[in-house]
Amino acid sequence: MLQIGFRAHDFGKFATADELAATVETFQKPAGIQLALKKVIPSAPDASEYTSEYIDGIRQSLAAHGVHVAVIGSYINPIHPDPEQLEAHLKRFETHLRFNKEFGCRVVGTETGSTNADCSYNPDTFEPAVFDAFCRSIERLLNAAQKYDGIVAVEAVARQHTICSVPRMARLLDKFDTPYLRVIYDPVNLAPWTGIPEQDGSVRKHPTQEAQRSFFREALDAFGNRIVAIHAKDYVLDAKGWKIGDIPLGTGVMDWKSLVQELQERHIDVPVLLENLNPATLPQTLDYLYQF
């Protein structure tokens, strides 16, 4: 059976971890969540002010409702153009690694950034020197992961982030062949902005099963054994043929049934965390996914 969980801040903002967990519990118990603490509990201290007692209290409050942290969200820009901001981003990520045991989760996740401060598209992001700078940041984070026995989990985003494709992810993993570096696989984020292509290079509004299976297999062949979590949402193409990739699972064209079959055939059993979920329709989303 799939390990289905949720991105916590999709449920809204809460005053306490107990309130968050009580809400999650109404939909599923037990449940794993991706927790970006400040996004879901605005009154939470900044990472620089974490204490073991505070984070352990968060974990215990969640556990009382059958909720656990599957991924610690610490999304940073590892190639931020401002050196001072870059240092602050890296320190924040290192802090989350340091408190992984108190969170009850070794996995700390981030996307891979761009040369724009807001991580938007900039063609300079894909210059060799930028990849080298990104690798220096990753190496620093991996040293912290080894020190604290945590895991650095990176998520690719097509077109705009440093790691924007399957080959670039494979290149990163080849460079750092270590158990402390893992992948958060988001197939929608990896889908090209113009949609998943057919074998002849065309792009259909509803890509064929054959095209989607080929798309999934490319990624899973390259790094399936390094995946630590999967993000689950959906996408459609707009009238101009551009991807809208922030809609709830089951409301777009992604062939999740085929992906789940691929995961099962390869014995990839990791948390599948719903993103961009709508609490009002979440029961239907869960029913849809659990049928696979």
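Residues numbered from 1 in each chain as written. Predicted model: local features only at pLDDT ≥ 70, side-chain atom pairs only at ≥ 80, totals over all residues. Heavy atoms only, no water.

Draft legend 1. Spatial organisation of the pattern of salt bridges. In the structure shown here, the tally under the stated rule is 15 salt bridges. Between R106 and D149 there is a salt bridge, with its nearest N and O atoms 3.0 Å apart. Within this pair, whereas R106 is found in the loop between helix 5 (100-103) and strand 4 (107-111), its partner D149 is found in the loop between helix 6 (128-148) and strand 5 (151-155), the two being separated by 43 residues in sequence. Overall, R106 belongs to the partly exposed group, its relative accessible area being 35%. For D149, a relative accessible area of 33% corresponds to the partly exposed category. (Salt bridge = Lys/Arg side-chain N within 4 Å of Asp/Glu carboxyl O. Helix = DSSP H or I, 4+ residues; strand = E, 2+ residues; numbered from the N terminus. Buried < 20%, exposed > 50% of the residue type's maximum accessible area, 1.4 Å probe, protein only.)

Draft legend 2. Highlighting the sheet that holds strand 7 (residues 227-232). Sheet architecture is closed into a barrel: 8 strands sit in the order 1-2-3-4-5-6-7-10, paired in parallel fashion. For this sheet, the mean angle separating the axes of adjacent strands, direction not counted, is 30°. When strand 5 meets strand 6 (residues 181-185), the two strands line up parallel, connected through 4 bridges. Of the residues in strand 6, the one forming a bridge with A153 is R182. Of the strands in this sheet, strand 6 and strand 7 touch helix 9 (residues 209-223), which is tilted by about 165° from strand 6. (Pairing = 2+ DSSP bridges. Axes fitted to C-alpha atoms, helices over the stretch in contact; angles between N-to-C directions. Contact = heavy atoms within 4.5 Å.)

Draft legend 3. Expanded view of helix 3 (residues 52-63). For helix 3, which comprises 12 residues, the first-to-last C-alpha distance of 16 Å matches the rise-based estimate of 16 Å (1.5 Å per residue) to within 8%. Among the residues of helix 3, those classed as buried are I55, I58 and L62. Each buried residue of helix 3 lies within a common arc of 50° when the element is viewed along its axis, so the set occupies one face. Contacts made by the buried residues of helix 3 are with helix 1 (17-27), strand 2 (31-35), helix 2 (37-40), strand 3 (67-73) and helix 5. (Expected span 1.5 Å × (residues − 1). Arc of directions from axis to C-beta.)

Draft legend 4. Just the packing of aromatic side chains, in detail. Evaluation of the coordinates by the stated rule reveals 10 aromatic pairs. Relative to F216, the ring of F215 lies with its centre 5.8 Å away and its plane at 55°, an arrangement referred to as tilted. Residue F215 is classed as buried on the basis of its relative accessible area, which comes to 12%. Taking relative accessible area as the criterion, F216 reaches 0% and is therefore assigned buried. Here the aromatic residues F6, F11 and F27 are joined through ring pairs into a cluster of three or more. Sitting over the face of the ring of W193, R159 holds its NZ or CZ atom 4.5 Å from the ring centroid. Directly above the ring of F176 sits K175, whose terminal nitrogen or CZ lies 5.8 Å from the centroid. (Phe/Tyr/Trp six-rings, centres within 6.5 Å; stacked < 30°, edge-to-face > 60°. Lys NZ or Arg CZ within 6 Å of the ring centre and 35° of its normal.)

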